[in-house]
Amino acid sequence: MKNKIVLTMLLLAMVSGFVFANGGGDKAADAEKTKIVLLVKSLGNGFFEAVADGGVEAAEELGNVESIYMGPSSATAEGQIEIIETLIAQKVDGIAISANDPDALIPVTKKAMKAGIRVISFDSNISSGGREVALAPSDTNLIGQQQVKLIAELCDYKGEIAILSATAQATNQNAWIAVMKEAIKAPEYKDMKLVDVVYGDDAADKSYREAVGLFEKYPNLAGIISPTTVGVLAASKAIEDEGLKGKVQITGLGLPSEMQHYIENGTCGQMALWNPVDLGYSSTYILARMIAGDIEGKAGDKVDAGRMGSITIGPDGETIMGEPFVFNKDNIAKYASIF
Ligand code: RAM
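Note that the coordinates shown come from a computational prediction; the quantities given were computed from them, not determined experimentally. (Residues numbered from 1 in each chain as written. Predicted model: local features only at pLDDT ≥ 70, side-chain atom pairs only at ≥ 80, totals over all residues. Heavy atoms only, no water.)

Right, let's get into the site of the ligand. Not every one of the 13 residues close to the ligand is listed here, only the nearest: K41, D123, Q173, D202 and T229. In the environment of the ligand, an oxygen atom lies 2.8 Å from a nitrogen or oxygen atom belonging to the side chain of K41. Contacts to the ligand include T229, whose side-chain N or O atom sits 2.6 Å from an oxygen atom. Coverage of the ligand by the protein amounts to 100% of the 290 Å² it exposes when considered alone. (Near = heavy atom within 4 Å. Polar contact = N/O pair within 3.5 Å; in protein donor to acceptor, adjacent residues only side chain to side chain. Areas by Shrake-Rupley, 256 points an atom, 1.4 Å probe, with all protein chains shown as cover.)

Now the structure itself:
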């Protein structure tokens, strides 16, 4: 089934690129298109499907680009390494990776770069040396501090708090959690205690089980922070199913289209996120400009990124997209129709 989805997406990507860029149906020209792959943590995640939409949008605008969406069936570095090996053999032009591990991919991405493939990471980054540009959705400190503030407001600044994360190796979640652990030491949070960090691996069933495990282990649990779209959705469902709405608060990084029900019925009072469509769109533009030779991908380079304007590459290739939005009952419907 999953293989079928990958194949269908590949075919769709090829067909749409073909129709939009060539119009007349010139197969030779199609083969000459710049092939840019968005390699995500895992398939079946609505967040990354929105990223893929952004890739296709950018490819259509750029005209000579084919956007290809790929990912392993579960969020592992091994699965991504296997795919990158295949992409090297296929001689694609560029790969933008949301990495399942900051370091484990480096040997294979180095091999890809040596073979002339341009490699950037986005969303969940690869350490320096394993990619050229690293596009973060927002400032790490800002995200971590905001998550603690959001749960504090929901819990009246008191009680036991747990974190339900994605995988234990995820670069992005681990960086945010490190900030949360520091942030919660601030005086205004003195009556809040971080009791546990558990991992749902960005799989809906495991995340759900981990949430239920927290309710059992901590009968006085006041709130959960889940900085993953998969986790926050699963935990919200677990809270509702277990009749804990109002007793256990939940916040995190949630996709409005998936969380509308839980925001509107008050299970999740508020949560944050950025626009994943913009992330796929920006990544595709950055790679396309690097492949075309318009920029090197070095600090100080300015990328002309379509409707995202000009993106400046920072020191060590690190680049930030924008600020997270906060969603609540008042604005969720508007955003749910977009991503
Ligand atoms: C999940 C993934 C992704 C993360 C979002 C917030 O979809 O873990 O990497 O950025 O949540």
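This paragraph deals with the domain arrangement of the protein chain. For the protein chain, the assigned domains are domain 1 (2-136 + 275-321) and domain 2 (140-273). Computed over C-alpha atoms only, the centres of domain 1 and domain 2 are separated by 30 Å. Buried surface at the junction of domain 1 and domain 2, both sides included, amounts to about 1,000 Å², of which 49% is carbon and sulfur. When the buried surface of domain 1 facing domain 2 is broken down by residue, K41, N45 and F47 rank first, second and third, together holding 34% of it. (Domains from an automatic or database assignment. Buried area = accessible area lost by both parts, 1.4 Å probe.)

On to helix α10 (residues 256-264), then. For α10, every residue scored as buried is listed here: P256, M259, Y262 and I263. Across the axial projection of α10, the buried residues extend over an arc of 120 degrees, all falling on one side. The inward-facing, buried residues of α10 contact α9 (229-241), β10 (271-273), β14 (325-327) and α12 (332-336). (Buried < 20%, exposed > 50% of the residue type's maximum accessible area, 1.4 Å probe, protein only. Helix = DSSP H or I, 4+ residues; strand = E, 2+ residues; numbered from the N terminus. Arc of directions from axis to C-beta. Contact = heavy atoms within 4.5 Å.)

Right, let's get into helix α6 (residues 140-154). When the terminal C-alpha atoms of α6 are compared, their 22 Å separation across 15 residues agrees well with the 21 Å that a helix rising 1.5 Å per residue should span. When we look at burial in α6, the residues that qualify are I143, G144, Q146, Q147, V148, L150, I151, A152 and L154. Two or three places before N141, at the opening of α6, D139 has a side-chain oxygen 3.2 Å from that residue's backbone nitrogen. At the C-terminal side of α6, D156 shows a positive phi close to 55 degrees. (Expected span 1.5 Å × (residues − 1).)

Our focus in this paragraph is the pairing of strand β8 (residues 221-226). Within β8, 6 of the 6 residues are buried, leaving the element largely enclosed by the surrounding structure. One ladder, built from 4 bridges, connects strand β6 (residues 159-165) with β8; its direction is parallel. Bridge pairing in β8 links E160 to L221. Inspection of the sheet shows β8 paired to strand β9 (residues 249-252) by 4 bridges, in the parallel sense. Bridge pairing links I224 to I250 in β9. The β-α-β motif built from β8, the intervening α9 and the parallel element β9 has right-handed crossover chirality. (Pairing = 2+ DSSP bridges. Right-handed = clockwise from strand over helix to strand, strands pointing away.)

Evaluation of the coordinates by the stated rule reveals 10 aromatic pairs. Ring geometry for F327 against Y335: centres 5.0 Å apart, planes inclined by 70 degrees, an arrangement best described as edge-to-face. Given a relative accessible area of 14%, Y335 falls into the buried group. What links up through ring pairs into an aromatic cluster is the set F325, F327, Y335 and F339. Between R307 and the ring centre of Y281, over which it is positioned, the NZ or CZ distance is 4.2 Å. (Phe/Tyr/Trp six-rings, centres within 6.5 Å; stacked < 30°, edge-to-face > 60°. Lys NZ or Arg CZ within 6 Å of the ring centre and 35° of its normal.)

Quick look at unusual backbone geometry now. Even without being a glycine, D156 presents a positive backbone phi close to 55 degrees. If you trace the backbone, D156 turns up in the loop between α6 and β6.

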